[in-house]
Amino acid sequence: MQAVLMIYADNAATTPLDTEALSAMREFLAEYYANPSQPYSYSRKAKHALNESRARIAQCINARPDEIFFTSGGSESDNQAVKCSGRRAIITSAIEHKAVLESCYAMRNYYGHEIHELPVDEACRVIIPALAEALTHCHSPALVSVMLANNETGVIQPIHELAQIAHSHGALFHTDAVQALGHVPVDVQALGVDMLSGSAHKFNGPRGVGFLYVRRGVEIRPLIHGGSQECGLRAGTENTAGVVGMSIALTNNCREISRHEERLLILERILIDGLKGCGIDFRLNGDAAERLPGLLSLSFRGANGERILHRLDLKDICISTGSACDGMKNQISRVITRMNVPHEYAGGTIRISFGKCNTPDDAAKIAREIANVIPTQ
Ligand SMILES: *Cc1c(COP(=O)(O)O)cnc(C)c1O
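Residues numbered from 1 in each chain as written. Predicted model: local features only at pLDDT ≥ 70, side-chain atom pairs only at ≥ 80, totals over all residues. Heavy atoms only, no water.

Engineer: Whenever I open this one, the overall build of the protein confuses me. Can you help?
Structural biologist: Assigned secondary structure in the protein consists of 14 helices and 12 strands. Seen through its principal axes, the protein has C-alpha atoms that stretch 70 × 55 × 35 Å. Scored against the burial criterion, the 377 residues of the protein give a buried share of 56%. Of all intrachain contacts in the protein linking residues separated by at least 6 positions in sequence, the fraction that spans at least 24 positions is 72%. Put simply, the protein shows about 16200 Å² of open surface, and 51% of that area lies on carbon and sulfur atoms. Positive and negative side-chain charges in the protein, numbering 37 and 41 respectively, have mean positions lying 3 Å apart. (Helix = DSSP H or I, 4+ residues; strand = E, 2+ residues; numbered from the N terminus. Buried < 20%, exposed > 50% of the residue type's maximum accessible area, 1.4 Å probe, protein only. Contact = heavy atoms within 4.5 Å. Areas by Shrake-Rupley, 256 points an atom, 1.4 Å probe, with all protein chains shown as cover. Lys, Arg positive; Asp, Glu negative; His and termini not counted. Charge placed at Lys NZ, Arg CZ, Asp CG, Glu CD.)

Engineer: How should I be thinking about a nonpolar patch on the surface in this particular structure?
Structural biologist: Where nonpolar side chains cluster on the molecular surface, the patch consists of Tyr-33, Tyr-40 and Tyr-42 and spans about 350 Å² of accessible area. With respect to the secondary-structure elements, Tyr-42 resides in the loop between helix H2 (19-30) and helix H3 (44-60). (Patch = residues over 30% accessible without salt bridge, like charges linked within 9 Å, V, L, I, M, F, W, Y side chains within 5 Å. Salt bridge = Lys/Arg side-chain N within 4 Å of Asp/Glu carboxyl O.)

Engineer: Even after reading the chapter, I still don't get the nonpolar core, so can you show me in this structure?
Structural biologist: Note on soluble globular proteins: their nonpolar side chains tend to be buried together. In terms of nonpolar packing, the biggest core is built from 70 residues, with Ile-61, Leu-196 and Phe-211 touching the most fellow members. Ranked by residues supplied to this core, first place goes to helix H9 (residues 240-255) with 7 residues. For this core, the domains that each give at least three residues are domain 1 (19-255) and domain 2 (257-373). Once residues lying within four places of it in the same chain are set aside, the contact partners of Phe-211 are Ile-57, Ile-61, Ile-68, Phe-69, Phe-70, Thr-71, Ser-77, Leu-181, Leu-196, Ser-197, Gly-198 and Met-246. Counting residues in each nonpolar core, the second largest holds 28 residues, with Leu-296, Ile-352, Ala-363 and Ile-374 among its members. (Core = buried A, V, L, I, M, F, W, Y, C linked by side-chain atoms within 4.5 Å. Domains from an automatic or database assignment.)

Engineer: Honestly, the packing of aromatic side chains in this entry has me stumped. Any pointers?
Structural biologist: Geometrically, a pair of aromatic rings is defined through the distance of the ring centres and the angle of the planes. Here the structure, examined in full by the defined rule, presents 4 aromatic pairs. Ring centres of Tyr-33 and Tyr-42 lie 5.6 Å apart, and the angle between their planes is 85 degrees; this geometry places the pair in the edge-to-face category. For Tyr-33, a relative accessible area of 57% puts it in the exposed group. Tyr-42 gets classed as partly exposed once you look at its relative accessible area, which sits at 34%. Taking the centre distance of 5.8 Å and the plane angle of 35 degrees together, the rings of Phe-282 and Phe-300 count as tilted. (Phe/Tyr/Trp six-rings, centres within 6.5 Å; stacked < 30°, edge-to-face > 60°.)

Engineer: Just checking my understanding: could you explain the packing of H3 against H9 for this structure?
Structural biologist: Angle between the axes and distance between the axes are the two parameters that describe a pair of packed helices. At a minimum axis separation of 9 Å, H3 and H9 run at an interaxial angle of 30 degrees. Accordingly, the angle class assigned to the pair H3 and H9 is roughly parallel. Note on packing geometry: the crossing formed by H3 with H9 is left-handed. Between H3 and H9, the contacting residues are Ala-46, Ala-49, Leu-50, Ser-53, Arg-56, Ile-57 and Cys-60 on the first element and Thr-240, Val-243, Val-244, Met-246, Ser-247, Ile-248, Leu-250, Thr-251 and Cys-254 on the second. Residue composition of the contact of H3 with H9, grouped by class: 11 nonpolar, 4 polar and 1 charged. (Axes fitted to C-alpha atoms, helices over the stretch in contact; angles between N-to-C directions. Parallel < 35°, antiparallel > 145°, perpendicular 65-115°, else oblique. Left-handed = near helix turned anticlockwise from the far one by under 90°. Nonpolar A, V, L, I, M, F, W, Y, C, P; charged D, E, K, R; others polar.)

Engineer: Would you explain the sheet that holds strand S10 (residues 295-300) in this entry?
Structural biologist: Strand pairing in a sheet relies on backbone hydrogen bonds, with the paired strands running either antiparallel or parallel. The 3 strands are arranged S9-S10-S12 in an open sheet whose pairing can be described as antiparallel. What marks the edges here is a single partner per strand, and that holds for strand S9 (282-284) and strand S12 (349-353). When the angles between neighbouring strand axes are averaged without regard to direction, this sheet yields 25 degrees. Taken together, the 5 bridges between S10 and S12 define a ladder with antiparallel strand orientation. Bridge pairing links Ser-299 to Thr-349 in S12. (Pairing = 2+ DSSP bridges.)

Engineer: What is the right way to look at the site of the ligand in this model?
Structural biologist: Taken together, 13 residues are adjacent to the ligand, and Ser-75, Asp-176, Gln-179, Ser-199 and Lys-202 come closest. In the model, a nitrogen atom of the ligand is placed 2.7 Å from a nitrogen or oxygen of the Asp-176 side chain. Between the ligand and Lys-202 there is a distance of 2.8 Å, counted from an oxygen atom to a side-chain nitrogen or oxygen. Contact with the protein chains removes 87% of the 380 Å² of surface that the ligand exposes when unbound. Examining the composition of the shell around the ligand, we find that 3 residues originate from one element, helix H4 (residues 74-83), more than from any other. For the shell around the ligand, a count of residues per class yields 2 nonpolar, 8 polar and 3 charged. (Near = heavy atom within 4 Å. Polar contact = N/O pair within 3.5 Å; in protein donor to acceptor, adjacent residues only side chain to side chain.)

Engineer: Help me out: how do you make sense of the pairing of strand S2 (residues 68-71) in this one?
Structural biologist: On a regular strand, each side chain points to the face opposite its neighbour's, so the side chains alternate between the two faces of the sheet. On S2, burial covers both faces: Ile-68 and Phe-70 on one face and Phe-69 and Thr-71 on the other are all buried. Bridging between S2 and strand S8 (residues 210-214) involves 4 bridges; their strand directions are antiparallel. The residue bridging Phe-69 from the neighbouring strand is Leu-212, located in S8.

Engineer: Can you help me understand the domain arrangement of the protein in this one?
Structural biologist: When the parts of a complex come together, some accessible area is lost, and that lost area is often taken as the interface size. By the assigned domains, the protein splits into domain 1 (19-255) and domain 2 (257-373). Contact residues are listed per partner, giving 31 residues for domain 1 and 24 residues for domain 2. Where domain 1 abuts domain 2, roughly 2400 Å² becomes buried across the two surfaces, and 56% of that area is made up of carbon and sulfur atoms. The interface formed by domain 1 and domain 2 contains 2 salt bridges. Arg-338 serves as the salt-bridge partner of Glu-117, at 3.2 Å between the closest nitrogen and oxygen. Where the side of domain 1 that touches domain 2 is concerned, the elements lending two or more residues are helix H5 (98-111) and H9. Ranked by the residues each element gives to the side of domain 1 that touches domain 2, the list is headed by H9, at 3 residues. Within the side of domain 1 that touches domain 2, the residues separate by chemical class into 13 nonpolar, 10 polar and 8 charged. (Buried area = accessible area lost by both parts, 1.4 Å probe.)

Structure representation (C-alpha coordinates):
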(Lines give C-alpha, C1' and ligand atoms only; values in the text may rest on other atoms or scores of the structure.)
Protein backbone atom coordinates (compact mmCIF):
# COMPACT_ATOMS: atom_id res chain seq x y z
CA MET A 1 0.00 0.00 0.00
CA GLN A 2 3.08 2.19 0.33
CA ALA A 3 2.97 2.83 -3.42
CA VAL A 4 -0.47 4.42 -3.11
CA LEU A 5 0.65 6.96 -0.52
CA MET A 6 3.94 7.72 -2.23
CA ILE A 7 4.24 10.63 -4.66
CA TYR A 8 6.48 9.62 -7.53
CA ALA A 9 7.75 12.76 -9.29
CA ASP A 10 10.91 11.36 -10.90
CA ASN A 11 9.50 10.28 -14.25
CA ALA A 12 12.66 11.44 -16.05
CA ALA A 13 14.52 8.61 -14.25
CA THR A 14 11.97 5.96 -15.17
CA THR A 15 8.21 5.66 -15.59
CA PRO A 16 5.53 3.23 -14.40
CA LEU A 17 4.54 0.54 -16.90
CA ASP A 18 1.52 1.11 -19.14
CA THR A 19 -1.15 -1.43 -18.10
CA GLU A 20 -1.98 -2.50 -21.65
CA ALA A 21 1.74 -3.04 -22.31
CA LEU A 22 1.97 -5.15 -19.14
CA SER A 23 -0.84 -7.51 -20.12
CA ALA A 24 0.56 -7.96 -23.65
CA MET A 25 3.98 -8.69 -22.16
CA ARG A 26 2.54 -11.34 -19.84
CA GLU A 27 1.23 -13.22 -22.84
CA PHE A 28 4.67 -13.34 -24.48
CA LEU A 29 6.47 -14.25 -21.26
CA ALA A 30 4.11 -17.02 -20.19
CA GLU A 31 2.51 -18.42 -23.35
CA TYR A 32 4.31 -17.47 -26.55
CA TYR A 33 7.85 -17.75 -25.22
CA ALA A 34 9.29 -19.38 -28.35
CA ASN A 35 12.56 -18.11 -29.77
CA PRO A 36 11.36 -15.99 -32.71
CA SER A 37 14.23 -17.19 -34.92
CA GLN A 38 13.24 -20.89 -34.97
CA PRO A 39 11.53 -22.30 -38.08
CA TYR A 40 8.65 -24.19 -36.37
CA SER A 41 5.18 -22.73 -36.29
CA TYR A 42 5.19 -22.11 -32.52
CA SER A 43 7.78 -19.36 -33.21
CA ARG A 44 5.54 -17.68 -35.72
CA LYS A 45 3.49 -15.76 -33.19
CA ALA A 46 6.63 -14.32 -31.57
CA LYS A 47 8.18 -13.42 -34.92
CA HIS A 48 4.95 -11.83 -36.03
CA ALA A 49 4.78 -9.82 -32.79
CA LEU A 50 8.31 -8.50 -33.37
CA ASN A 51 7.39 -7.37 -36.88
CA GLU A 52 4.18 -5.75 -35.69
CA SER A 53 6.08 -3.94 -32.94
CA ARG A 54 8.67 -2.72 -35.41
CA ALA A 55 5.93 -1.32 -37.62
CA ARG A 56 4.17 0.34 -34.66
CA ILE A 57 7.35 2.05 -33.49
CA ALA A 58 8.24 3.12 -37.03
CA GLN A 59 4.81 4.68 -37.39
CA CYS A 60 5.20 6.67 -34.15
CA ILE A 61 8.35 8.40 -35.45
CA ASN A 62 7.53 8.51 -39.18
CA ALA A 63 10.17 5.92 -40.12
CA ARG A 64 10.07 2.65 -42.09
CA PRO A 65 9.94 -0.63 -40.16
CA ASP A 66 13.27 -1.77 -41.66
CA GLU A 67 14.91 1.31 -40.11
CA ILE A 68 14.16 0.22 -36.51
CA PHE A 69 16.65 -2.05 -34.67
CA PHE A 70 15.85 -3.35 -31.21
CA THR A 71 18.44 -3.00 -28.45
CA SER A 72 18.65 -3.41 -24.67
CA GLY A 73 17.89 0.27 -24.04
CA GLY A 74 19.00 3.86 -24.44
CA SER A 75 22.58 3.27 -23.32
CA GLU A 76 23.16 0.51 -25.85
CA SER A 77 21.58 2.51 -28.68
CA ASP A 78 23.76 5.51 -27.84
CA ASN A 79 26.88 3.32 -27.64
CA GLN A 80 26.19 1.79 -31.03
CA ALA A 81 25.49 5.12 -32.69
CA VAL A 82 28.62 6.74 -31.29
CA LYS A 83 31.01 3.79 -31.60
CA CYS A 84 29.88 2.06 -34.78
CA SER A 85 29.37 4.73 -37.45
CA GLY A 86 32.92 4.39 -38.74
CA ARG A 87 33.48 8.13 -38.28
CA ARG A 88 36.73 9.05 -36.53
CA ALA A 89 35.71 12.60 -35.58
CA ILE A 90 32.77 13.03 -33.22
CA ILE A 91 31.12 16.31 -32.34
CA THR A 92 28.81 16.19 -29.34
CA SER A 93 27.48 18.65 -26.78
CA ALA A 94 28.44 19.52 -23.23
CA ILE A 95 25.04 18.44 -21.88
CA GLU A 96 24.73 14.92 -23.34
CA HIS A 97 23.79 11.90 -21.26
CA LYS A 98 26.77 9.88 -20.04
CA ALA A 99 25.87 7.07 -22.45
CA VAL A 100 26.92 9.40 -25.29
CA LEU A 101 29.72 11.32 -23.56
CA GLU A 102 31.46 8.29 -22.07
CA SER A 103 31.18 6.48 -25.43
CA CYS A 104 32.93 9.45 -27.05
CA TYR A 105 35.66 9.46 -24.40
CA ALA A 106 36.14 5.70 -24.82
CA MET A 107 36.63 6.12 -28.57
CA ARG A 108 39.17 8.86 -27.92
CA ASN A 109 41.05 6.91 -25.27
CA TYR A 110 41.04 3.52 -27.03
CA TYR A 111 41.28 4.52 -30.68
CA GLY A 112 42.40 8.13 -30.76
CA HIS A 113 39.15 9.53 -32.16
CA GLU A 114 38.87 13.30 -32.31
CA ILE A 115 36.15 14.62 -29.95
CA HIS A 116 34.64 18.14 -29.92
CA GLU A 117 32.08 19.38 -27.40
CA LEU A 118 29.60 22.08 -28.38
CA PRO A 119 28.83 24.64 -25.64
CA VAL A 120 25.33 25.62 -24.47
CA ASP A 121 23.90 29.01 -23.55
CA GLU A 122 22.28 29.93 -20.22
CA ALA A 123 18.96 28.58 -21.49
CA CYS A 124 20.57 25.13 -21.96
CA ARG A 125 20.38 25.35 -25.78
CA VAL A 126 23.33 24.21 -27.90
CA ILE A 127 24.95 27.22 -29.57
CA ILE A 128 24.20 26.62 -33.26
CA PRO A 129 27.09 28.49 -34.94
CA ALA A 130 29.54 26.47 -32.83
CA LEU A 131 28.71 23.40 -34.92
CA ALA A 132 29.88 24.78 -38.28
CA GLU A 133 32.99 26.04 -36.52
CA ALA A 134 33.71 22.60 -35.02
CA LEU A 135 33.04 20.85 -38.35
CA THR A 136 35.63 22.98 -40.14
CA HIS A 137 38.22 21.86 -37.57
CA CYS A 138 37.57 18.12 -38.01
CA HIS A 139 40.39 16.18 -39.64
CA SER A 140 38.15 13.36 -40.91
CA PRO A 141 34.47 12.78 -41.77
CA ALA A 142 32.43 13.47 -38.65
CA LEU A 143 29.53 12.11 -36.66
CA VAL A 144 27.48 14.72 -34.79
CA SER A 145 25.53 13.54 -31.73
CA VAL A 146 23.24 16.01 -29.96
CA MET A 147 20.30 15.01 -27.76
CA LEU A 148 16.72 15.94 -28.63
CA ALA A 149 15.74 16.94 -25.08
CA ASN A 150 18.01 17.25 -22.07
CA ASN A 151 17.26 14.90 -19.18
CA GLU A 152 18.07 17.40 -16.40
CA THR A 153 16.33 20.53 -17.67
CA GLY A 154 13.95 19.17 -20.32
CA VAL A 155 15.20 21.78 -22.80
CA ILE A 156 14.58 20.80 -26.43
CA GLN A 157 17.54 21.26 -28.76
CA PRO A 158 17.45 22.78 -32.29
CA ILE A 159 18.01 19.39 -33.92
CA HIS A 160 16.64 20.25 -37.37
CA GLU A 161 19.01 23.22 -37.75
CA LEU A 162 21.98 21.30 -36.38
CA ALA A 163 21.31 18.30 -38.65
CA GLN A 164 21.16 20.57 -41.71
CA ILE A 165 24.52 22.10 -40.84
CA ALA A 166 26.02 18.66 -40.20
CA HIS A 167 24.80 17.34 -43.56
CA SER A 168 26.06 20.38 -45.45
CA HIS A 169 29.54 19.37 -44.21
CA GLY A 170 29.07 15.69 -45.07
CA ALA A 171 28.65 14.64 -41.44
CA LEU A 172 26.25 12.02 -40.08
CA PHE A 173 23.75 13.09 -37.41
CA HIS A 174 22.61 11.08 -34.38
CA THR A 175 20.18 12.27 -31.73
CA ASP A 176 19.54 10.75 -28.30
CA ALA A 177 15.74 11.13 -28.16
CA VAL A 178 15.38 8.99 -25.03
CA GLN A 179 13.95 11.73 -22.84
CA ALA A 180 11.74 13.25 -25.56
CA LEU A 181 10.07 10.19 -27.11
CA GLY A 182 6.46 9.72 -26.13
CA HIS A 183 6.38 13.17 -24.51
CA VAL A 184 6.63 15.48 -27.52
CA PRO A 185 6.01 14.60 -31.19
CA VAL A 186 9.12 13.06 -32.78
CA ASP A 187 9.36 12.80 -36.58
CA VAL A 188 12.67 11.56 -37.98
CA GLN A 189 11.94 13.04 -41.44
CA ALA A 190 11.12 16.49 -40.08
CA LEU A 191 14.16 16.40 -37.79
CA GLY A 192 16.37 15.20 -40.65
CA VAL A 193 18.44 12.85 -38.49
CA ASP A 194 20.35 9.74 -39.62
CA MET A 195 20.13 7.89 -36.30
CA LEU A 196 17.93 8.22 -33.22
CA SER A 197 18.02 6.42 -29.85
CA GLY A 198 14.94 5.43 -27.86
CA SER A 199 14.39 3.66 -24.53
CA ALA A 200 11.11 2.04 -23.50
CA HIS A 201 11.20 2.75 -19.76
CA LYS A 202 11.21 6.52 -20.30
CA PHE A 203 7.80 6.36 -22.02
CA ASN A 204 5.92 3.91 -19.77
CA GLY A 205 7.42 0.81 -21.36
CA PRO A 206 9.53 -1.84 -19.59
CA ARG A 207 13.16 -1.35 -18.52
CA GLY A 208 15.94 -3.06 -20.47
CA VAL A 209 14.65 -2.58 -24.00
CA GLY A 210 15.04 0.18 -26.56
CA PHE A 211 15.71 0.79 -30.22
CA LEU A 212 18.00 2.55 -32.63
CA TYR A 213 16.57 4.15 -35.75
CA VAL A 214 19.04 4.03 -38.63
CA ARG A 215 17.98 5.80 -41.79
CA ARG A 216 17.97 3.51 -44.84
CA GLY A 217 21.29 3.83 -46.68
CA VAL A 218 23.29 4.80 -43.58
CA GLU A 219 25.97 2.21 -42.89
CA ILE A 220 26.59 1.24 -39.31
CA ARG A 221 28.27 -1.76 -37.70
CA PRO A 222 27.05 -3.99 -34.89
CA LEU A 223 28.10 -3.27 -31.31
CA ILE A 224 27.04 -6.73 -30.08
CA HIS A 225 28.39 -9.51 -32.33
CA GLY A 226 26.96 -13.03 -32.56
CA GLY A 227 23.81 -14.31 -34.20
CA SER A 228 22.22 -12.63 -37.20
CA GLN A 229 19.22 -11.15 -35.37
CA GLU A 230 18.16 -7.61 -36.30
CA CYS A 231 19.62 -8.02 -39.82
CA GLY A 232 23.02 -8.70 -38.29
CA LEU A 233 23.12 -5.32 -36.56
CA ARG A 234 22.39 -6.62 -33.06
CA ALA A 235 23.04 -10.21 -31.99
CA GLY A 236 21.09 -11.89 -29.20
CA THR A 237 17.77 -13.68 -28.81
CA GLU A 238 15.08 -11.07 -29.15
CA ASN A 239 13.33 -9.74 -26.03
CA THR A 240 9.88 -10.37 -27.53
CA ALA A 241 7.87 -9.39 -24.46
CA GLY A 242 9.93 -6.25 -23.91
CA VAL A 243 9.68 -5.20 -27.54
CA VAL A 244 5.91 -5.76 -27.60
CA GLY A 245 5.51 -3.78 -24.35
CA MET A 246 7.67 -0.97 -25.74
CA SER A 247 5.67 -0.66 -28.96
CA ILE A 248 2.32 -0.58 -27.15
CA ALA A 249 3.55 1.95 -24.59
CA LEU A 250 4.94 4.24 -27.29
CA THR A 251 1.77 4.01 -29.37
CA ASN A 252 -0.40 4.82 -26.35
CA ASN A 253 1.81 7.70 -25.22
CA CYS A 254 2.01 9.21 -28.70
CA ARG A 255 -1.76 9.09 -29.09
CA GLU A 256 -2.15 11.05 -25.83
CA ILE A 257 0.65 13.60 -26.22
CA SER A 258 -1.40 16.78 -26.39
CA ARG A 259 -3.91 15.76 -23.72
CA HIS A 260 -1.07 14.68 -21.49
CA GLU A 261 0.85 17.91 -22.08
CA GLU A 262 -2.17 19.96 -21.05
CA ARG A 263 -2.37 18.03 -17.76
CA LEU A 264 1.34 18.35 -17.07
CA LEU A 265 1.34 22.10 -17.67
CA ILE A 266 -1.39 22.45 -15.06
CA LEU A 267 0.74 20.51 -12.55
CA GLU A 268 3.74 22.72 -13.35
CA ARG A 269 1.67 25.84 -12.77
CA ILE A 270 0.35 24.58 -9.42
CA LEU A 271 3.88 23.78 -8.25
CA ILE A 272 5.41 27.09 -9.40
CA ASP A 273 2.53 29.18 -8.05
CA GLY A 274 2.67 27.25 -4.78
CA LEU A 275 6.39 28.00 -4.37
CA LYS A 276 5.95 31.66 -5.31
CA GLY A 277 3.03 31.95 -2.90
CA CYS A 278 5.37 30.87 -0.09
CA GLY A 279 7.81 33.67 -0.92
CA ILE A 280 10.63 31.31 -1.85
CA ASP A 281 13.57 32.62 -3.88
CA PHE A 282 14.12 30.18 -6.74
CA ARG A 283 14.70 30.00 -10.48
CA LEU A 284 13.47 27.70 -13.22
CA ASN A 285 16.52 26.58 -15.19
CA GLY A 286 16.56 26.42 -18.96
CA ASP A 287 14.51 27.84 -21.80
CA ALA A 288 10.95 28.48 -20.59
CA ALA A 289 9.28 27.72 -23.93
CA GLU A 290 11.33 24.99 -25.65
CA ARG A 291 10.95 22.43 -22.90
CA LEU A 292 9.44 19.01 -22.22
CA PRO A 293 6.15 19.37 -20.37
CA GLY A 294 6.29 18.32 -16.71
CA LEU A 295 10.08 18.30 -16.30
CA LEU A 296 11.34 21.14 -14.10
CA SER A 297 14.86 21.96 -13.00
CA LEU A 298 14.53 24.33 -10.04
CA SER A 299 17.33 26.04 -8.12
CA PHE A 300 16.68 27.43 -4.65
CA ARG A 301 18.91 30.26 -3.47
CA GLY A 302 21.30 29.26 -0.71
CA ALA A 303 19.79 25.76 -0.41
CA ASN A 304 21.26 22.27 -0.78
CA GLY A 305 19.58 20.08 -3.41
CA GLU A 306 20.62 16.86 -1.75
CA ARG A 307 19.08 17.98 1.53
CA ILE A 308 15.79 18.86 -0.17
CA LEU A 309 15.71 15.41 -1.80
CA HIS A 310 16.22 13.63 1.53
CA ARG A 311 13.70 15.77 3.38
CA LEU A 312 11.07 15.05 0.70
CA ASP A 313 11.97 11.36 0.82
CA LEU A 314 10.98 11.36 4.50
CA LYS A 315 7.55 12.53 3.31
CA ASP A 316 7.39 9.71 0.69
CA ILE A 317 8.00 12.07 -2.21
CA CYS A 318 10.46 10.95 -4.91
CA ILE A 319 12.34 13.68 -6.77
CA SER A 320 15.91 13.97 -8.03
CA THR A 321 18.86 16.35 -7.79
CA GLY A 322 19.77 15.89 -11.45
CA SER A 323 20.08 12.85 -13.62
CA ALA A 324 19.71 9.48 -11.88
CA CYS A 325 23.07 8.38 -13.23
CA ASP A 326 25.03 11.34 -11.81
CA GLY A 327 23.09 11.44 -8.53
CA MET A 328 24.38 11.10 -4.98
CA LYS A 329 27.71 12.75 -5.55
CA ASN A 330 26.95 15.95 -3.68
CA GLN A 331 28.37 18.15 -6.39
CA ILE A 332 26.89 20.55 -8.89
CA SER A 333 25.91 18.73 -12.07
CA ARG A 334 27.79 19.19 -15.31
CA VAL A 335 24.67 20.49 -17.06
CA ILE A 336 23.96 23.11 -14.39
CA THR A 337 27.63 24.14 -14.44
CA ARG A 338 27.74 24.46 -18.25
CA MET A 339 24.58 26.63 -18.21
CA ASN A 340 26.29 29.04 -15.80
CA VAL A 341 23.51 28.92 -13.22
CA PRO A 342 24.56 31.55 -10.62
CA HIS A 343 26.59 30.01 -7.82
CA GLU A 344 24.23 30.99 -4.99
CA TYR A 345 21.48 28.97 -6.73
CA ALA A 346 23.40 26.11 -8.35
CA GLY A 347 23.91 24.05 -5.17
CA GLY A 348 20.19 24.13 -4.43
CA THR A 349 19.09 22.41 -7.63
CA ILE A 350 16.44 19.69 -7.83
CA ARG A 351 14.62 18.04 -10.73
CA ILE A 352 10.90 17.37 -10.51
CA SER A 353 9.45 15.33 -13.36
CA PHE A 354 5.71 14.74 -13.39
CA GLY A 355 4.13 11.86 -15.25
CA LYS A 356 0.88 10.13 -16.11
CA CYS A 357 0.10 9.19 -12.51
CA ASN A 358 0.55 12.58 -10.83
CA THR A 359 -2.40 14.68 -9.67
CA PRO A 360 -2.87 18.40 -8.90
CA ASP A 361 -2.81 17.42 -5.20
CA ASP A 362 0.65 15.92 -5.69
CA ALA A 363 1.96 19.19 -7.17
CA ALA A 364 0.46 21.24 -4.34
CA LYS A 365 1.86 18.90 -1.71
CA ILE A 366 5.36 18.99 -3.22
CA ALA A 367 5.29 22.82 -3.14
CA ARG A 368 4.21 22.76 0.52
CA GLU A 369 6.88 20.27 1.54
CA ILE A 370 9.61 22.18 -0.27
CA ALA A 371 8.46 25.35 1.50
CA ASN A 372 8.96 23.53 4.82
CA VAL A 373 12.60 22.81 3.96
CA ILE A 374 13.63 26.10 2.33
CA PRO A 375 14.27 29.11 4.52
CA THR A 376 12.21 32.01 3.10
CA GLN A 377 14.00 35.29 2.40
C1 LIG B 1 17.72 7.41 -19.46
C2 LIG B 1 18.53 8.00 -20.55
C3 LIG B 1 19.46 7.22 -21.27
C4 LIG B 1 19.76 5.79 -20.91
O5 LIG B 1 18.72 4.94 -21.24
P6 LIG B 1 18.65 3.46 -20.56
O7 LIG B 1 17.55 2.79 -21.29
O8 LIG B 1 18.36 3.68 -19.11
O9 LIG B 1 19.98 2.83 -20.80
C10 LIG B 1 20.13 7.82 -22.32
N11 LIG B 1 19.92 9.09 -22.65
C12 LIG B 1 19.04 9.88 -21.98
C13 LIG B 1 18.84 11.29 -22.41
C14 LIG B 1 18.32 9.36 -20.92
O15 LIG B 1 17.46 10.15 -20.27
